[in-house]
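Examination of the molecular architecture
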Amino acid sequence: MRTQVLIIGGGFAGASTAQALEKRGINTTLVDKKDYFEVTYAVLRDVAHPEKNNGKSRKRYADFLDGQFIQSAVVELNAHFAVLASGETIHFDIVVIASGSRYPSLPLAKSVDASSLESRNNELQTYHDALKQAKDVLILGGGVVGVELAGELAYAMPHLKVTLAHNGPHLLNGFKSKASKKALSQLTRIGVEVQFNARYQETEDGLVNTTNGAKINPDITFSATGVIPNNEFLKRHYAHVLNPQGQVIVNEALAVTGQQHMYAIGDIADVGEAKLGYLAVEQGKYLANSIAKQISGSQPKPYKRHPFMALVPTGQETGIVQFPFMVSTWKPLVNIKQKDLFISKTFNGFTQ
Ligand SMILES: Cc1cc2nc3c(=O)[nH]c(=O)nc-3n(C[C@H](O)[C@H](O)[C@H](O)COP(=O)(O)OP(=O)(O)OC[C@H]3O[C@@H](n4cnc5c(N)ncnc54)[C@H](O)[C@@H]3O)c2cc1C
């Protein structure tokens, strides 16, 4: 098989690149292990309160993607072709690596095994059903995912005792200190117990906090730690383009270091921006434009990095907004995301 542009991975980065290239008349083939795109921003609420988004946060590629889609895993990348798990090869003029990242200890955040839309819906429903039966939950890791998960569970499932254990002295590492403090007070207000400098170890009697010896035995433990880049298919021929964290090193045009016609964007790439879906979309749109320019013989401009901004919900009514110049908990700002967690914005962005 042959394609003008092969895109490996159909997350925020890959899907936005594919759609923007197709609009410019450039032929694309997108390969993903799954048959659906998922708006990760909404997944934690899908687990805590499935009726809220009512299945709208996932769509099959077949229902919105304009270019060719193949459901398979890329197992090896060469300079001019990729090998799929089926053994089939796809030859390309240009390849975009957009294989993202995974949370092996927290498959509810990004599924490890659910490759069909039905299986993902069932997987999330199974988590919800287990949480309905549980009395207490421990969440390890007070980063964005841990904070959001604690907020969603405490808000929508008030029968649960939610404990958030973080190994550092404040929540949301990398955020301004005002954002960390606000997150703490918002979570505490909806009943989350937040523990700082807490490290838990599994023993026969349950989990032991190694700092103070306290034992707990929660019905469910979620470990919101440890993001891993999906780079296995690069290890044979391109191990030298990976940084120590396993992300692909790119230049100012998002081209893989030292490679011609090979680009990397989103969570898999060392772009020098936060690992966020909206930035992966910005990178995808930039790259589509830049590939179109390159094909028409003109010189693309370097990628302009964006300042860090984030909107972190802590339940369905509160949240923290961090701009480069301020932190706010002002409801009208927080509600920009609370409405539908940017589900419509994401899908509209792919079809405009
Ligand atoms: C719970 C949660 C909440 C989040 N909330 C926000 C938020 O509110 N705002 C925000 O901006 N960001 C948020 N993020 C971060 C955001 O989800 C990531 O930055 C984003 O998913 C990165 O997009 P991506 O396209 O680079 O990678 P991914 O979304 O990881 O997509 C990669 C795709 O590649 C596929 N793939 C992987 N390996 C292969 C292979 N070998 N062959 C074929 N396909 C492959 C995968 O199946 C996947 O579909 C959140 C993340 C999580 C987990």
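A short tour of the structure in this document, coming up. (Residues numbered from 1 in each chain as written. Predicted model: local features only at pLDDT ≥ 70, side-chain atom pairs only at ≥ 80, totals over all residues. Heavy atoms only, no water.)

Turning our eyes to something else, we now look at the overall build of the protein. Counting its regular elements, the protein contains 10 helices and 23 strands. Compactness check: the protein gives a C-alpha radius of gyration of 21 Å against a globular reference of 20 Å for 352 residues, within 12% of the reference. Along the longest, intermediate and shortest principal axes, the C-alpha atoms of the protein span 60 × 45 × 40 Å. Looking at the protein as a whole, 53% of its 352 residues qualify as buried. In the protein, 63% of the contacts between residues at least 6 apart in sequence involve partners at least 24 apart. For the protein, the accessible surface area stands at approximately 16000 Å², while carbon and sulfur atoms represent 51% of it. Charge-centre separation for the protein: the mean point of 36 positive side chains lies 8 Å from the mean point of 31 negative side chains. (Helix = DSSP H or I, 4+ residues; strand = E, 2+ residues; numbered from the N terminus. Rg over C-alpha atoms; globule rule 2.2 N^0.38 Å. Buried < 20%, exposed > 50% of the residue type's maximum accessible area, 1.4 Å probe, protein only. Contact = heavy atoms within 4.5 Å. Areas by Shrake-Rupley, 256 points an atom, 1.4 Å probe, with all protein chains shown as cover. Lys, Arg positive; Asp, Glu negative; His and termini not counted. Charge placed at Lys NZ, Arg CZ, Asp CG, Glu CD.)

It is worth spelling out the site of the ligand at this point. Residues in close proximity to the ligand total 33 residues, the closest being D32, T40, K110, D267 and K337. Take K33: an N or O atom from its main chain is 3.5 Å from a nitrogen atom of the ligand. Separating an oxygen atom of the ligand from a side-chain N or O atom of K110 is a distance of 2.8 Å. When the ligand is considered free in solution it has 990 Å² of accessible area, and contact with the protein chains removes 93% of it. When residues of the shell around the ligand are traced back to their parent elements, those giving at least two are helix 1 (12-23), strand 2 (28-32) and helix 8 (277-295). Among the elements that take part in the shell around the ligand, helix 8 stands out by supplying three residues, more than any other. Considered class by class, the residues forming the shell around the ligand number 15 nonpolar, 11 polar and seven charged. (Near = heavy atom within 4 Å. Polar contact = N/O pair within 3.5 Å; in protein donor to acceptor, adjacent residues only side chain to side chain. Nonpolar A, V, L, I, M, F, W, Y, C, P; charged D, E, K, R; others polar.)

Structurally, F92 is set in strand 8 (residues 89-97). Along the chain, F92 and K215 lie 123 residues apart, while their C-alpha atoms are 56 Å from each other. With residues near it in sequence (within four places) discarded, F92 still touches R2, T3, Q4, L6, L77, N78, A79, H80, F81 and A82.

The next point concerns the sheet that holds strand 23 (residues 327-328). Whether parallel or antiparallel, the strands of a sheet pair through hydrogen bonds between backbone atoms. Strands sit in the order 21-22-23 across an open sheet of three strands; the sheet is antiparallel. Because the sheet does not close on itself, it has two edges, and the strands there are strand 21 (310-313) and strand 23. The strands touched by helix 6 (residues 177-189) are strand 22 (319-322) and strand 23; relative to strand 22, the strand with the most contacts, the crossing angle is about 170°. (Pairing = 2+ DSSP bridges. Axes fitted to C-alpha atoms, helices over the stretch in contact; angles between N-to-C directions.)

Without other data, these values stay purely geometric and don't point to any function.
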